[in-house]
2 protein chains.
Amino acid sequence: MQHIGAKHVDITDGFWQKRQKINKDVTIKAVQDRFIETGRFDAFDFTNEKIPHIFYDSDAAKWIEGVSFTLHKERNQQLESFIDQLIDLIEKNRSEDGYFNSHFLRKPEERWKHRSDHELYCAGHLMEASVEYYKATGKDKFLKLMEDYADYIYKVFIVDTAAAFKTPGHEEIELALVKMYDTTGKKRYLELAKHFIDKRGVEDEPWITSNYNKYNTQDFLPVRQQKTAEGHAVRAGYLYSGMADIAKRYNDEELLNACKTIFSNIVNKRMYITGGTGSSHLGEAYTLDYDLPNTKGYAETCAAIALAFFSQRMLLLDKNSIYADTVERIIYNGMLSGVSLDGKAFFYENPLELQPVLNNRNVSTVLTERNPITQRKEVFSCSCCPPNVIRFIGAVNEYIYSYEKDTLFINQFISSTMEYESIKAEMETDFPYSGQITMKISGAEKIAFRKPYWCKNLKITLNGGICDYSIEKGYIYINLQKGQNNLIFELDMTVRLVHSNPRIYDNSHKTAVMRGPLVYCTEGIDNNFPLNDIVFCNNLNYSQVKSDKLYAYMLEVDIEIPGNIEELYTFTPFSYQKKRLRMIPYYCFANRGETEMRVWL
Amino acid sequence: MQHIGAKHVDITDGFWQKRQKINKDVTIKAVQDRFIETGRFDAFDFTNEKIPHIFYDSDAAKWIEGVSFTLHKERNQQLESFIDQLIDLIEKNRSEDGYFNSHFLRKPEERWKHRSDHELYCAGHLMEASVEYYKATGKDKFLKLMEDYADYIYKVFIVDTAAAFKTPGHEEIELALVKMYDTTGKKRYLELAKHFIDKRGVEDEPWITSNYNKYNTQDFLPVRQQKTAEGHAVRAGYLYSGMADIAKRYNDEELLNACKTIFSNIVNKRMYITGGTGSSHLGEAYTLDYDLPNTKGYAETCAAIALAFFSQRMLLLDKNSIYADTVERIIYNGMLSGVSLDGKAFFYENPLELQPVLNNRNVSTVLTERNPITQRKEVFSCSCCPPNVIRFIGAVNEYIYSYEKDTLFINQFISSTMEYESIKAEMETDFPYSGQITMKISGAEKIAFRKPYWCKNLKITLNGGICDYSIEKGYIYINLQKGQNNLIFELDMTVRLVHSNPRIYDNSHKTAVMRGPLVYCTEGIDNNFPLNDIVFCNNLNYSQVKSDKLYAYMLEVDIEIPGNIEELYTFTPFSYQKKRLRMIPYYCFANRGETEMRVWL
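One numbering rule holds for all chains: residues counted from 1, following each sequence as written. Think of it this way: whatever chain is written first is A, whatever ligand is written first is 1, and the rest follow in order. Selection of residues for local features in this predicted model requires a pLDDT of at least 70, selection of side-chain atom pairs for listing and counting requires 80 or more, and totals for whole chains, interfaces and linings are taken over all residues. Excluding hydrogens and water, the side-chain values take into account all heavy atoms of the structure.

Q: Hey, could you go over the layout of surface pockets for me, with residue numbers and the actual values?
A: If a probe the size of a water molecule is rolled over the atoms, the empty space left behind becomes visible. Cavities and pockets are found on a 1 Å grid laid over the protein atoms alone: a cavity is a set of points where a 1.4 Å probe fits but cannot escape, a pocket is an open set with protein on both sides within 12 Å along at least five of seven lines, and a lining residue has an atom within 4 Å of such a point. Grid points are joined across faces, edges and corners, and a volume is the space filled by probe spheres set on the points. The calculated volume of the largest pocket comes to roughly 1300 Å³. Together, 42 residues line the largest pocket, and His509(A), Thr511(A), Val535(A), His509(B) and Tyr576(B) are the ones closest to its centre. We count a stretch as a helix when DSSP gives it H or I for four or more residues in a row; a strand needs E for two or more, and each element gets its number in order from the N terminus. Those elements that place two or more of their residues in the lining of the largest pocket are strand S16 (495–500) and strand S19 (535–536) of chain A together with strand S16 (495–500) and strand S19 (535–536) of chain B. Here the lining of the largest pocket takes five residues from S16(A), the largest share from any one element.

See below:
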């Protein structure tokens, strides 16, 4: 199945148009300002002697890539000129051999010596940025510089094997090299990506700190033998994406099977209901099956994004709705929570529960338990997530449609227009707040429309009448007529209670609430009673309430809570009282000051 | 009300006779051997130049005190000779001014300079040991040495104010000085104890590490103004015990009220169902109301013991069953869990849940989350708990009876004989496994028998017939006849479900099981199904099963568990299946290898 890139798709209205507008008008500028303040762009200027952090290049690159996605639709002289100056600095300061790394060019004797130090990771992000900047603007200077760089890396790692390590400590360059190949057609880049994947976990590799082992860097086995998602969740997600890319381009069945096994391990055993992964702050890592703590949950924004990358690539390989379902789970929940509604502030961690009082629990020492922060920040010392959110929201267009033979796949429900070869599509919807999706499609013989996992009933109208369809792997296949086809899909958006696998330790006896793809949470600020021991009534009685402040629909749900109890422990069963619980979409949490938040109730 | 000390009471049979036998025959020797190996006794020998740890004196002293309690009933030449040699070493090595501290005598220039370094704490434990050794053996050499030491401390802290601090960094000496006063009649020791209590929290005091604040050392306010239990839970418990001692001996109403307020804060907001306190390992401290995590629960054995000390002293002041109830909660649960059934190994922390798998949760790093250990150890580098358990079990005799005017109070139900002045009592019972208590009493006009909080119904027979009684503050007052009175109490020991205050975060929707004073837990080793999401049936259907291995009665209880679920999250409500859950008394946990354990289900 073919990917349909951002340049073929316009988001025209609705939920994501609003989010992209904030992304373009506010977030890009806000992150640019913070990165200027913190010297992330100055790193490219070698009249500045200060040694930049090892990952500054990747931060700048992701920001450039994010800007590039906005340029497809509307060029921006000011931003392009800013970026072009950075590109000029890369050209001016790179080595003769094509190497560019703002940190190691200032410590030249250390080049390719430190597997832990993100050298190939930064290179990969620069390559991704150069590809998207070229696609959006047609300017190829950056891309050419990166081709030289990739050629040089090929020489170092394949021809001369001159580095102190064989594979990246922080994966990312694998998927970037595939993009370089897709864009330039140069097979060598694909070979290099495959080389990094094939060599991983085969021989012992150096690693620096004493805190990490082979699991953290996915080095514990050759990748084709790996069966569980392990280690640093962002590295893992990028690696698995690269594996899927290579599996597709080389038709590598063994690699595809490894990807399927790992994907299944993630979604069936190691993923939060929000699509977050990597539950521990120690190593920012996947841990054990069913180990998904709520208040301590790490669930890094970048890890959610990396899993969306992997899921989308698996969709192209396997045409199963589980992959697009997972993308949907991420983009409406665990990715979107990473940025504030005003677009200016970010979460690195996205826990499923905030108990601000517990952050201060150790009143008797100056130490506190390590808990996630309770309010978003404008920048972090390790600020990978903000520009990753920019480029992801900028690229949401790419998740809507895909194409195979005569079939147009409708993967996400976002108001948009699309033109790809002879196919044209228009989609209009207030999804995720409404379940009605109206489409006009021409130039395709069939469509495959994802039936979301949360949707019990669905009604389809084709050109005003009912239509036949078949379902395969979660997709509804409908034969179209010649010319324009008018389709209406009505998805059942009933609010539903979600039960958690009892093996998830922290969710024992707890329930979550979803409406469509949105996971709801409840915040202390909306409810004047304690949020412990809430019991949902058997027949869920609820209503929707529009919140202008959150640009979202809240829910009000009938619940019961225990009456007030003075003792710590009692033999007397509780008496319950009825209350109305106000809930908001999870992605809206922590936008109105510090307050308690819970997903599982 | 008068305390009735160990020398007046013999434990003759039953539960505690068995535990005291293990304590005497096994634990004393085991701890002695470990302390010999680790140099805790060598510290007293100054031909050894190695500088002992700052708290080694207190470890040795608690062990001596523990041995002393066994000597009341049966002298032991070998142990006494071992102890007499240590006493000789104290005499030989102390300063001329009476000072003895094995650490600071080897660093004389540092004496009284470091408030954090347990100097007065060690002195207090030596004094307590000297008092009990004198009471048990009549030998007064140790006591005289400690009188000199106490006289000298009086001079340093009251006459010369020559120390770099005003009050102990680690409290303990307050209650020890009261024992010195009670034993010697020298008012100066009582004055010194009161001085330390009065001065606490009045002026700023030096403190060394950057990890602690004024809460950790109970310095945040003058003690009479303190309303919550704060900081290091062992220090706190010892301080509150000293406060209660002073309140009693000075008739200090204000101090008594502070004690009542703090006690109420503990039992209504900051205590585990097992009587454990100090829920955080950070600062080994009390934290916030209702912050009682299960898997991370610290609940140090010594903190449970310190709370028993405080409770027993409050009982003498206030004659309310809540205090003896709390002692009972501790001695059958959170204290007793501190030692293995074979008497050789110890828990420092007593969590309410063990998930061994979670101790290894961070497979991707070499770091793991900090969790309590899952198996008892024979000795710790900070090994305060093992000798504290020895002296506490050795002194259980002191918790059974107390006396006021003509009334004998029956506080704990333990097979024993007692002679105190003209009163004689005999008690026979298989408590806590049976609710029947048979007593013979003469020489008292009245008895006050504690009606335990867990007992719904109780039947009393006096000399073969029914009897009148009145209830006040949880005590059943019964007028006795002249001569011997035969009493039978039959306590209702029905197994009961305990509901947790919903504000206890970790216990949301969870239930515990108690039978009499025993909190039950369940262990993985006894049940071949997952222990998540267990539901108790409305009418508790259970049976008792004798376990020879545990010397205890297990319970088997009808429960339901959810059927097997493959997905992480499902919209389909669970179907439940019936199971029979095996439970054991909490104090028996972790005696059969590493396995999961849960109290709250």
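Q: Before we move on, could you go through helix H11 (residues 321–334) of chain B and cite the residues and values that matter?
A: All names here are of chain B. Here the expected length of a helix is defined as 1.5 Å per residue gap, with one fewer gap than residues. Under the 1.5 Å per step criterion, the end-to-end length of H11 is 19 Å for 14 residues, consistent within 8% with the ideal 20 Å. Exposed residues in this analysis have more than 50% of their type's maximum accessible area, buried residues have under 20%, and partly exposed residues fall in between, with area computed by a 1.4 Å probe over protein chains only. Counting buried residues in H11 gives 13 out of 14 residues, a clear majority hidden from the surface. Any pair of nitrogen or oxygen atoms within 3.5 Å is treated as a polar contact; in protein, a donor-acceptor pairing is required on top of that, and neighbouring residues in sequence qualify only through side-chain atoms on both sides. At the N-terminal end of H11, a side-chain oxygen is found 3.0 Å from the backbone nitrogen of isoleucine 322, two or three residues along, and the residue is asparagine 320.

Q: Lay out a negative patch on the surface with the relevant residues and their values.
A: Two distance rules govern patches: like charges are joined within 9 Å, and nonpolar side chains (Val, Leu, Ile, Met, Phe, Trp, Tyr) within 5 Å, applied only to residues with over 30% relative accessible area and no salt bridge. Note on areas: Shrake-Rupley with a 1.4 Å probe; residue coverage comes only from the protein chains shown. What makes a salt bridge here is a side-chain nitrogen of Lys or Arg within 4 Å of a carboxyl oxygen of Asp or Glu, nothing more. Charged-residue counts in this description rest on Lys and Arg as positive and Asp and Glu as negative, His and the chain ends being excluded. Where a charge sits is defined by one atom per residue type, namely NZ (Lys), CZ (Arg), CG (Asp) or CD (Glu). Taken together, the side chains of Asp13(A), Glu426(A), Glu428(A) and Asp430(A) make up a negatively charged region of the molecular surface. Note on Asp13(A): relative accessible area 42%, which makes it partly exposed.

Q: Before we move on, can you summarise the interface of chain A and chain B with the specific residues and values?
A: Contacts between residues were defined by any pair of non-hydrogen atoms, one from each residue, lying within 4.5 Å. In this complex, chain A contributes 77 residues to the contact, which on the side of chain B involves 77 residues. Roughly 6300 Å² is buried in total at the junction of chain A and chain B, and carbon and sulfur atoms are behind 58% of that figure. Among the residues of chain A in contact with chain B, Leu568(A), Tyr569(A) and Phe571(A) are the three that bury the most area, contributing 15% of the side total. Our enumeration of links across chain A and chain B arrives at zero salt bridges. Counting the contacts that link chain A with chain B gives 28 residue pairs in polar contact (both at pLDDT 80 or more). Elements that contribute at least two residues to the side of chain A that touches chain B include exactly helix H9 (253–269), strand S4 (285–286), helix H12 (356–359), S16 and strand S22 (569–570) of chain A. Take the side of chain A that touches chain B: its biggest share by element is five residues, from S16(A). Ten residues, namely Ala, Val, Leu, Ile, Met, Phe, Trp, Tyr, Cys and Pro, are considered nonpolar, four, namely Asp, Glu, Lys and Arg, are considered charged, and the remaining ones, Gly among them, are considered polar. Taken together, the residues of the side of chain A that touches chain B break down into 36 nonpolar, 26 polar and 15 charged. Each pair of strands is called paired provided DSSP finds at least two bridges between the two strands. Two strands pair when backbone bridges link them, and S16(A) and strand S22 (residues 569–570) of chain B are joined in this way by two bridges, in the antiparallel orientation. Along S22(B), the bridge assignment pairs His499(A) with Thr570(B). Values labelled buried area give the accessible surface lost by two parts on being combined, using a 1.4 Å probe and summing over both.

Q: Talk me through the domain arrangement of chain A; I want residue IDs and the actual numbers.
A: All names here are of chain A. Delimitation of the domains relies on an automatic or database domain assignment. Looking at the assigned domains, one finds that chain A contains domain 1 (207–338), domain 2 (402–491) and domain 3 (495–598). On a C-alpha basis, the centres of domain 1 and domain 3 stand 29 Å from each other. Carbon and sulfur atoms make up 65% of the area that domain 1 and domain 3 hide from each other, which totals about 1200 Å². On inspection of domain 1 and its partner domain 3, the count reaches zero salt bridges. Of the residues belonging to the side of domain 1 that touches domain 3, the class tally is six nonpolar, six polar and one charged.

Q: Break down the sheet that holds strand S9 (residues 423–429) of chain A for me, citing the residues and quoting the values.
A: All names here are of chain A. Here six strands make up an open sheet; going across it, the order is S2-S8-S9-S10-S15-S12 and the pairing antiparallel. Either end of the sheet is taken by a strand with one partner, and the two such strands are strand S2 (9–11) and strand S12 (458–462). Taken over all neighbouring pairs, the strand axes of this sheet differ in orientation by 15° on average, direction set aside. Both strand S8 (residues 416–420) and S9 contribute to a ladder of five bridges, which runs antiparallel. Think of each axis as a best-fit line through the C-alpha atoms, taken over the contacting stretch in the case of a helix, with angles from 0 to 180 degrees between the N-to-C directions.

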